[in-house]
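Report on the structure
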Amino acid sequence: MRENSTQGIRSARVRANLAPDGDAGLERLCTTNSDSIRIAPVESGIERIEARFTGKGFDPHRHDTYAIGLTLNGVQTFRYRGKSHASLPGQIIVIHPDELHDGGAGTESGLRYRMIYIQPEDIRGALEGPGTGSLPHLADPVFTDPQLQAVLRESLEDIETEMGDLRRSSVLAELAAGLRRVGDTGTSRSEGPTDRAALEKCADFLKESFRDPVRVSDLERLADLDRYTLSRQFKRAYGTSPHRYLLMRRLTHARQLLSNGEPLAAVALESGFADQSHMNRHFRRAYGMTPGAWRRLTAASTGI
């Protein structure tokens, strides 16, 4: 079902809590009413959350991962690619890397959803292995697919515990295959060769050097590619630019420090930002809220 018009959002409000029987297990989890974000234990390549909002949840923002979610209660509304969308309980949401979007509750009864964030390189690896190929593309960010819904339920049902390598690999493979199956077909085009080895060197360098100033000439020497070819190929492989990839590594580290209660000014410097205001600007652009608001929402959760 696609509910992307104003009329669709209005009718969605009537059915806001009519979840499919298959989601009964998820529906019974977490019954508090306050706004909060629950975060699963950190694991390589993925992040899982449960969010609860009674109004606007996030300002417009973008991140460098695929965001794949399941609406549990209420109506989940958001703007994406210039259009308004709504997701009912049991429907799936897929947000592509580097795409601007916001989010919040479409009814007064509030909203609860769970989301898994996956790095584009892990999606590509699960689909192609060491080869090349385009990342999956979905024209409609809200849809119903029982097979993919079952995989999401399995991966999001117990976010209190780590998935572990074996389960994580299986979920990653199934989600990647599901995205390709429900995505657009016949849209791939010749994009030229991609130097995967060179790009992986650049990505590893950015992960290791996120606290330091990084110049494009550093990456050019490392990859033996000119900056424009490097930028095009990096976007194709990782779903975002080298600059934003570096920023997201800094912000990921900043969130870890925020969770530990570190002062904001110290978090900024330890994460490679010039100062606290510099970090605040990029944090809001990436997550749709300030570092202080993010810390309050995550602290409000008692589940994790």
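Residues numbered from 1 in each chain as written. Predicted model: local features only at pLDDT ≥ 70, side-chain atom pairs only at ≥ 80, totals over all residues. Heavy atoms only, no water.

Digging into the overall build of the chain
Under the convention used in this document: Helix and strand assignments come from DSSP, with helices taken as H or I runs of at least 4 residues and strands as E runs of at least 2, each series counted from the N terminus. Surface accessibility in these figures is a Shrake-Rupley result with a 1.4 Å probe; residues are shielded only by whichever protein chains are displayed.
A tally of regular secondary structure across the chain gives twelve helices and ten strands. Of the accessible surface of the chain, which amounts to about 14,100 Å², a share of 50% is contributed by carbon and sulfur atoms.

Digging into the sheet that holds strand S4 (residues 66-73)
The criterion, for reference: One bridge is not enough; two strands pair if DSSP finds at least two bridges between them.
Across the sheet, six strands lie side by side as S1-S2-S9-S4-S7-S10; this open sheet has antiparallel pairing. Both edges of this open sheet fall to strand S1 (36-39) and strand S10 (142-143), since each of them pairs with a single strand only. Bridging between strand S7 (residues 92-95) and S10 involves two bridges; their strand directions are antiparallel. Bridge pairing in S10 links Ile93 to Val142.

Here's the deal with the pattern of salt bridges
Between side chains of opposite charge, a pair can form when the charged atoms approach closely. What counts, and what does not: Any Lys or Arg side-chain nitrogen found within 4 Å of a carboxyl oxygen on Asp or Glu counts as a salt bridge. Buried, partly exposed and exposed residues are distinguished by accessible area as a fraction of the type maximum, computed with a 1.4 Å probe on protein chains only: under 20%, between the cut-offs, and over 50%, respectively.
Counted according to the given criterion, the structure contains 21 salt bridges. Among the ionic pairs, Arg48 bridges to Glu43, the shortest N-O distance being 3.6 Å. By relative accessible area, which is 9% here, Glu43 ends up buried. Of the charged contacts in the structure, one is a salt bridge between Arg284 and Asp59, with a shortest N-O distance of 2.5 Å. With Arg284 in helix H11 (residues 276-287) and Asp59 in strand S3 (residues 56-61), this residue pair connects regions lying 225 residues apart in the sequence. Among the residues examined, Arg284 registers a relative accessible area of 41% and is labelled partly exposed. Here the salt bridges share partners, and the residues they tie into one network are Arg38, Glu50, Arg112, Arg114 and Glu160.

Examining the packing of aromatic side chains
What counts, and what does not: Centres within 6.5 Å are what make two rings of Phe, Tyr or Trp a pair, Trp counting through its six-membered ring; a difference in plane orientation under 30 degrees is then read as stacked, over 60 as edge-to-face, and the rest as tilted. For a Lys NZ or an Arg CZ to count as sitting over a ring, it must be within 6 Å of the ring centre and within 35 degrees of the ring normal.
Within this structure, the stated rule accounts for seven aromatic pairs. Look at Phe53 and Phe58: their rings are 5.2 Å apart centre to centre, the planes differ by 75°, and that puts the pair in the edge-to-face class. Across the pair, Phe58 and Phe53 agree in class, each one buried. The structure contains a cluster of three or more aromatic residues connected by ring pairs, namely Phe234, Tyr238 and Tyr245. Here the basic side chain of Arg249 rests over the ring of Tyr245, its NZ or CZ set 4.3 Å away from the ring centre. The ring of Tyr287 is capped by Arg255, whose NZ or CZ atom sits 5.0 Å from the centre of that ring.

Overview of the packing of helix H9 (residues 242-259) against helix H12 (residues 291-300)
What counts here: Lines fitted to C-alpha atoms define the axes here, with helix axes fitted over just the stretch in contact, and angles between the N-to-C directions of these axes take values from 0 to 180 degrees. Oblique is the label for every angle not falling under 35 degrees (roughly parallel), over 145 degrees (roughly antiparallel), or within 65 to 115 degrees (roughly perpendicular). Handedness of a helix crossing follows the sense of rotation of the near helix relative to the far helix, less than a right angle counterclockwise being left-handed and clockwise being right-handed. Any two residues having at least one pair of non-hydrogen atoms within 4.5 Å are treated as being in contact.
Close contact between H9 and H12 brings their axes to 10 Å; oriented N to C, the two are set at 55°. Here H12 runs oblique to H9, going by the angle between their axes. In this structure, H9 meets H12 at a crossing whose hand is right-handed. Residues Arg255, Leu258 and Ser259 of H9 form the contact with H12, whose own contacting residues are Pro291, Trp294 and Arg295.

Regarding the packing of H9 against H11
To characterise two packed helices, one gives the angle between the axes of the helices and the distance between these axes. The line we're drawing: Gly falls in the polar group here, along with every residue not listed as nonpolar (Ala, Val, Leu, Ile, Met, Phe, Trp, Tyr, Cys, Pro) or charged (Asp, Glu, Lys, Arg).
Packing of H9 against H11 leaves a shortest axis separation of 10 Å and a crossing angle of 100°. Considering the angle they form, H9 stands roughly perpendicular to H11. Contacts between H9 and H11 involve Leu247, Met248, Leu251, Thr252, Ala254, Arg255 and Leu258 from the first element and Met279, His282, Phe283, Ala286 and Tyr287 from the second. Across the contact of H9 with H11, the residue classes break down as nine nonpolar, two polar and one charged.

A look at the nonpolar core
Operational definition: What we call a nonpolar core is a set of buried Ala, Val, Leu, Ile, Met, Phe, Trp, Tyr and Cys residues that are connected through their side-chain atoms within 4.5 Å.
Grouped together as the largest cluster of nonpolar side chains are 34 residues, with contacts concentrated most on Ile37, Ile49, Phe53, Tyr113, Leu251 and Met289. When residues of this core are assigned to their parent elements, the largest contribution, six residues, is made by H9. Listed in part, the 23 residues of the second largest apolar core include Ile116, Ile123, Leu152 and Leu179.

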